[in-house]
Amino acid sequence: MASPPDTSKSIKLERYNSYIRKVNSTKLLNASSKLLFRATLLVALILVFLFTFNYPPLGDTNNNHHVHTHAHFLSSAFGGGAAWEKQVRHSSTPRRPNGMSVLVTGAVGFVGTHCSLALKKRGDGVLGLDNFNSYYDPSLKRARQAVLAKHQVFVVEGDLNDTPLLVKLFDVVPFTHILHLAAQAGVRYAMQNPQSYVQSNIAGFVNLLEVAKAANPQPSIVWASSSSVYGLNTQNPFSELHRTDQPASLYAATKKAGEEIAHTYNHIYGLSLTGLRFFTVYGPWGRPDMAYFFFTKDILQGKTIDVYQTQDGKEVARDFTYIDDIVKGCVGALDTAEKSTGSGGKKRGPAQLRVYNLGNTSPVPVGKLVSILEGLLNTKAKKHVIKMPRNGDVPYTHANVSLAYTDFGYKPTTDLATGLRKFVKWYVSYYGIKPRVKKENHLDNELPEDSA
Ligand SMILES: O=C(O)[C@H]1O[C@H](OP(=O)(O)OP(=O)(O)OC[C@H]2O[C@@H](n3ccc(=O)[nH]c3=O)[C@H](O)[C@@H]2O)[C@H](O)[C@@H](O)[C@H]1O
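- An unreviewed UniProt entry lists the protein under the name UDP-glucuronate 4-epimerase, from Canavalia gladiata.
- If you open the UniProt record of the protein and go to Catalytic activity (unreviewed entry), you find "UDP-alpha-D-glucuronate = UDP-alpha-D-galacturonate".
- For the protein, the Sequence similarities (unreviewed entry) comment in UniProt is given as "Belongs to the NAD(P)-dependent epimerase/dehydratase family."

Structure representation (structure tokens):
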């Protein structure tokens, strides 16, 4: 027969266990209250730090220049405050009946400056946002800011990834539109600083869309995609119907990702979104990292320039598009953008989703670009013709713009020679260069080009 279980032993064991549990839970309680205390202390310290140093931004589109951007940010922008809010409101208020109130991101960028001026001049309200990063000479951005200030366009210094700042701007102003041009640009630089593309073109864009979808009213959004999304596409001229799933650079991939992200926000939240695929935009106040700009500089300084050709020895060509044509395209897209349909972060109905090519419809070989510059500068270039490095470049771009023409009358009117002449006129005036310019170019008889 089996003996009955020894309950006295098991009762003792149970008591012992419960004693141990108690001790442990007291220890745990002590440990967790210590942890809680430490965490609270840490949070308090962080808060003291933030308030003492007045609100550093959360993000910066250029990893290499945190200190630089923060310094600018601290010195001016989001102190909040009544005076700051007044400037923000004043700048964003339209001066014509039914005018728009547009938040322009990347406002002191090349396209951003020209578009901001064009909108302001016709009576729309324009507020700029820019982080003034040092991807290229920030003094050029400062000079553009001065032109904007002259025309009563206020530029807030801040980053796309700074959620509280964006929320604050939408609290102060019921923007009807966003013209989103802030981005990490440049095809070849993506191999040097890949993270900056992810931070601006993907994380920054998503952050902006998050704030826009939650805003009441939701704004309509027009934003800059890129011809580079066509990547390895071989069909010509490039149409919006062609495939764009073979990007040749990380830059292109982030712009294509932007188009897909736009689809999602349109689908879920009813945001009205229009992506514009810009084709190699050039002109006065342009970007110093682009070939036409640094070719001009190098030719004038007697330096050798690299002129690319394809692996099989053919010339590379671009559908260079003049800035004034691009501005007309941006304004046309804004004017035909339908309202977003959501409110309070909820979709109320289907909303507009569009993508357009904005190009010149006339590709020009880089060799021809150089010879036009040689003529305008009256200087022979020292050319070093080399095979295009395998760094994200594509050999050829050519836009079909019939969709933009049908929907908002987009029709480029400036050929490369005419546009470059205007660029060179601005360049020599801006940099104070005494040009060895032929009389027949009449460059020296004209007023400096100070705005669009
Ligand atoms: O349409 C776009 O979406 C993109 O346009 C622009 O890219 P790209 O068309 O590549 O312009 P850009 O660098 O000026 O090179 C021009 C030509 O010069 C050739 N090139 C370049 C450098 C050099 O040293 N030599 C040379 O021959 C080069 O092979 C090319 O054929 C914008 O920068 C980009 O931000 C994006 O907006």
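## Quick notes on the site of the ligand
Line of reasoning, step 1. The environment of the ligand is made up of 23 residues, and the closest members are Arg 188, Ser 226, Ser 227, Asp 306 and Arg 318.
Line of reasoning, step 2. A distance of 3.1 Å is found between an oxygen atom of the ligand and a backbone nitrogen or oxygen belonging to Gly 186.
Line of reasoning, step 3. Within the contact set of the ligand, an oxygen atom lies 2.7 Å away from a side-chain nitrogen or oxygen of Arg 318.
Line of reasoning, step 4. Protein chains bury 94% of the 700 Å² of accessible surface belonging to the ligand in isolation.
Line of reasoning, step 5. Looking at the shell around the ligand, the elements with two or more residues in it are α9 (291-300) and β8 (304-309).

## Considering the sheet that holds strand β11 (residues 353-358)
Line of reasoning, step 1. Overall, parallel pairing links the 7 strands, which are arranged β3-β2-β1-β4-β5-β6-β11 in an open sheet. Taken across any chain shown, the strands that pair with only one partner, and hence form the sheet edges, are β3 (154-157) and β11. Each neighbouring strand pair of the sheet contributes to a mean axis angle of 20 degrees, computed without reference to strand direction.
Line of reasoning, step 2. Running at roughly 125 degrees to strand β2 (residues 125-130), helix α3 (residues 81-92) makes contact with β1 (101-105), β2 and β3 of the sheet.
Line of reasoning, step 3. Of the strands in this sheet, β1, β4 (177-180), β5 (220-226) and β6 (273-278) are in contact with helix α7 (residues 194-214), which crosses β4 at around 180 degrees.

## Description of the confidence of the model for the protein
Close reading of the predicted structure is inappropriate where its pLDDT is low.
Line of reasoning, step 1. This prediction gives the protein a mean pLDDT of 86; 79% of its residues lie at or above 70.
Line of reasoning, step 2. Within the model, the stretch residues 1-29 combines pLDDT values under 50 with 1 contact to residues more than four positions away or in other chains.
Line of reasoning, step 3. As a predicted assembly, this complex carries a pTM of 0.83 together with an ipTM value of 0.99.

## Regarding the packing of helix α4 (residues 110-121) against helix α5 (residues 138-150)
Line of reasoning, step 1. Following both chains from N to C, one finds α4 and α5 inclined at 5 degrees, their axes separated by 10 Å at the closest point. Taken together, the axes of α4 and α5 are roughly parallel relative to one another. When α4 is examined against α5, the residues Phe 110, Thr 113, Ser 116 and Leu 117 are found in contact with a partner set consisting of Arg 144, Val 147 and Leu 148.
Line of reasoning, step 2. Grouping the amino acids of the contact of α4 with α5 by side-chain chemistry returns 4 nonpolar, 2 polar and 1 charged.

## Some remarks on the UniProt feature "domain: NAD-dependent epimerase/dehydratase" (unreviewed entry) in the protein
Line of reasoning, step 1. Summarizing the sequence annotation, UniProt attributes the feature "domain: NAD-dependent epimerase/dehydratase" (unreviewed entry) to residues 102-339 in the numbering used throughout.
Line of reasoning, step 2. Measuring from the first to the last C-alpha atom of residues 102-339 gives 13 Å, for a span that is 42% helix and 18% strand.

## Comments concerning the environment of Cys 115
Line of reasoning, step 1. Tracing the backbone through its elements, the reader meets Cys 115 in helix α4.
Line of reasoning, step 2. Spatially, the C-alpha atom of Cys 115 lies 9.3 Å from that of Ile 323, the residues being 208 residues apart in sequence.
Line of reasoning, step 3. Not counting chain neighbours up to four residues away, the residues in contact with Cys 115 comprise Leu 179, Leu 181, Val 327 and Cys 330.

Conventions adopted
Residues numbered from 1 in each chain as written. Predicted model: local features only at pLDDT ≥ 70, side-chain atom pairs only at ≥ 80, totals over all residues. Heavy atoms only, no water. UniProt positions renumbered as here; feature names shortened; annotations may be inferred. Near = heavy atom within 4 Å. Polar contact = N/O pair within 3.5 Å; in protein donor to acceptor, adjacent residues only side chain to side chain. Areas by Shrake-Rupley, 256 points an atom, 1.4 Å probe, with all protein chains shown as cover. Helix = DSSP H or I, 4+ residues; strand = E, 2+ residues; numbered from the N terminus. Pairing = 2+ DSSP bridges. Axes fitted to C-alpha atoms, helices over the stretch in contact; angles between N-to-C directions. Contact = heavy atoms within 4.5 Å. pLDDT = per-residue confidence, 0-100. Parallel < 35°, antiparallel > 145°, perpendicular 65-115°, else oblique. Nonpolar A, V, L, I, M, F, W, Y, C, P; charged D, E, K, R; others polar.

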